[in-house]
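Descriptive structure summary
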Amino acid sequence: MKKQISLWLIAAVALLAACNSNQNKTPEAGKYSVTEKSFGVFENQDVTQYTITNPSGMQVSIINYGGTVTSILTPDKDKKMGDVILGFDSLAGYLQKGNPYFGCLVGRYGNRIAKGKFTLEKQNYQLTVNDHGNTLHGGLKGLDKVVWKASKPSGDSSLKLTYTSKDGDQGFPGNLEVEVTYTVTSDNALEISYSATTDKPTPVNLTNHCYFNLSGGKEATILDHELMINADKFTAVDSLLIPTGLLPDVKGTPMDFTSSKKIGKDLDSVKGGYDHNWVLNRKGNTLEQIATVYDAGSGRVLEVFTTEPGLQFYTGNFLDGTLHGKNNWVYAQHAALCLETQHFPDGPNQTSFPNTILRPGEKYSHVTRYKFSTK
Ligand code: GLA
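An account of the accompanying structure is given in this report. (Residues numbered from 1 in each chain as written. Predicted model: local features only at pLDDT ≥ 70, side-chain atom pairs only at ≥ 80, totals over all residues. Heavy atoms only, no water.)

Brief notes about the site of the ligand
Taken together, 13 residues sit near the ligand, with R112, H137, H209, D275 and E340 positioned nearest. R112 is positioned such that a nitrogen or oxygen atom in its side chain is 2.5 Å from an oxygen atom of the ligand. Take E340: an N or O atom from its side chain is 2.8 Å from an oxygen atom of the ligand. For the ligand, whose free accessible area comes to 300 Å², the fraction covered by protein is 95%. Cavity membership is defined here by more than half of the atoms lying within 2 Å of grid points; on that basis the ligand lies in the largest pocket. Of the residues contributing to the shell around the ligand, the split by class is seven nonpolar, three polar and three charged. (Near = heavy atom within 4 Å. Polar contact = N/O pair within 3.5 Å; in protein donor to acceptor, adjacent residues only side chain to side chain. Areas by Shrake-Rupley, 256 points an atom, 1.4 Å probe, with all protein chains shown as cover. 1 Å grid on protein atoms, 1.4 Å probe; cavity = no way out; pocket = protein on both sides within 12 Å on 5 of 7 lines; lining within 4 Å. Sits in = over half its atoms within 2 Å of the grid points. Nonpolar A, V, L, I, M, F, W, Y, C, P; charged D, E, K, R; others polar.)

What about the pattern of salt bridges?
Going through the model one piece at a time under the given rule, you end up with 13 salt bridges. Here E36 ties to K152 by a salt bridge, and the two come within 2.8 Å at their closest N and O atoms. Taken together, the positions of E36 in strand β1 (residues 33-42) and K152 in the loop between β11 (149-151) and β12 (158-165) put the pair 116 residues apart, joining distant regions of the chain. A salt bridge links K262 to D224, with the nearest nitrogen and oxygen atoms 3.8 Å apart. (Salt bridge = Lys/Arg side-chain N within 4 Å of Asp/Glu carboxyl O. Helix = DSSP H or I, 4+ residues; strand = E, 2+ residues; numbered from the N terminus.)

A closer look at the nonpolar core
Among the nonpolar cores identified, the biggest contains 58 residues, and I72, W278 and F313 are the most heavily contacted of them. Among the elements that take part in this core, strand β13 (residues 176-184) stands out by supplying five residues, more than any other. I63, V147, L323 and A335 belong to the second-largest nonpolar core, a separate cluster that totals 20 residues. (Core = buried A, V, L, I, M, F, W, Y, C linked by side-chain atoms within 4.5 Å. Buried < 20%, exposed > 50% of the residue type's maximum accessible area, 1.4 Å probe, protein only.)

Digging into the pairing of β12
Regular strands have side chains that alternate between both faces of the sheet. The pairing of β11 with β12 spans three bridges and is classified as antiparallel. Within β12, the position partnered with S151 by the bridge is K160. The hairpin formed by β11 and β12 contains six residues between the paired strands, and G155 there has a positive phi angle of roughly 105°. Where β12 lies against β13, eight bridges are found, and the strand directions are antiparallel. (Pairing = 2+ DSSP bridges.)

A word on the environment of G110
Looking at the secondary structure, you find G110 in the loop between β6 (105-106) and β7 (112-113). A relative accessible area of 0% places G110 in the buried class. Spatially, the C-alpha atom of G110 lies 24 Å from that of D249, the residues being 139 residues apart in sequence. Once residues within four sequence positions are removed from consideration, G110 is found in contact with H137 and N205. (Contact = heavy atoms within 4.5 Å.)

Below, the structure is given as structure tokens:
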């Protein structure tokens, strides 16, 4: 009898140990966990989807293709979970030609560089161009279109992604070592921490391209979401969205989000919709709250904190209903909004803008936090 009990005990302990080492364990309520599942193959490399769950049940899924955030589940005012970003169910969705940078990491240079040209230390560089003769989001094959190396730091609250962009990649000089850590905090924030080093001077401007719709699939557009951006100025642009160098005041214009207002309120008077960089009111580079979004229907609030000087606010103007996303969602124009924390567009060619050149021996670093709550 005694022997039988101890055999049972051994079996039970072994079973428990097996469950613990199982990477696909189901999240335990009140605890952090990171689970993983296969998400396909790209250029002979495995793509994996990692899901981080925090103790209160907020869930963020990320794939190592493009370091793409594929879903963010947060509670609404009735504690019902909903997915607050646009995306696809499968890797094929993300690989399709019309994928407008859903959820991905953007680099080496987020936003535009005029004609893909810049001069650094008396040398002229030509990047790959992909947007009306300009370079957008790092060129033809930016950091959103490569497979990153993923690792899970201890604590089960984060995912670390690394990538080496080789000297000459898309025309950029220097070997760039990039590291991005996604962390889900206990107070329901997704924190993204970026760093990079180089062996030659090179422009760097990293960001993330999540498309948010706080209704969790209930509202087709974000026109009724209310937005505050703590910025008195924005970077004026030409018809191809290249900065002119001027920084007009937002006061009394449709660009004024210094007090919270509905996104749809003045949108029609902005040609093409909002797709501009706001010059954030801030001193230094500490982590500060710079924007707040509120969706009255769901009660969800998104607060954005960053160390960066600029914010690209984009209202999904190029979405046109042709993309079919996860949960059978159809992505109409203005289905979501992007809040891309960044340095200013075309920084390498605009001497009056904050510096975007990283040099050997220096470390690029940038932290952005998207914090969710309800009211
Ligand atoms: C950024 C740009 C937009 C558009 C989207 C992707 O936000 O500023 O003009 O290119 O990315 O579609």
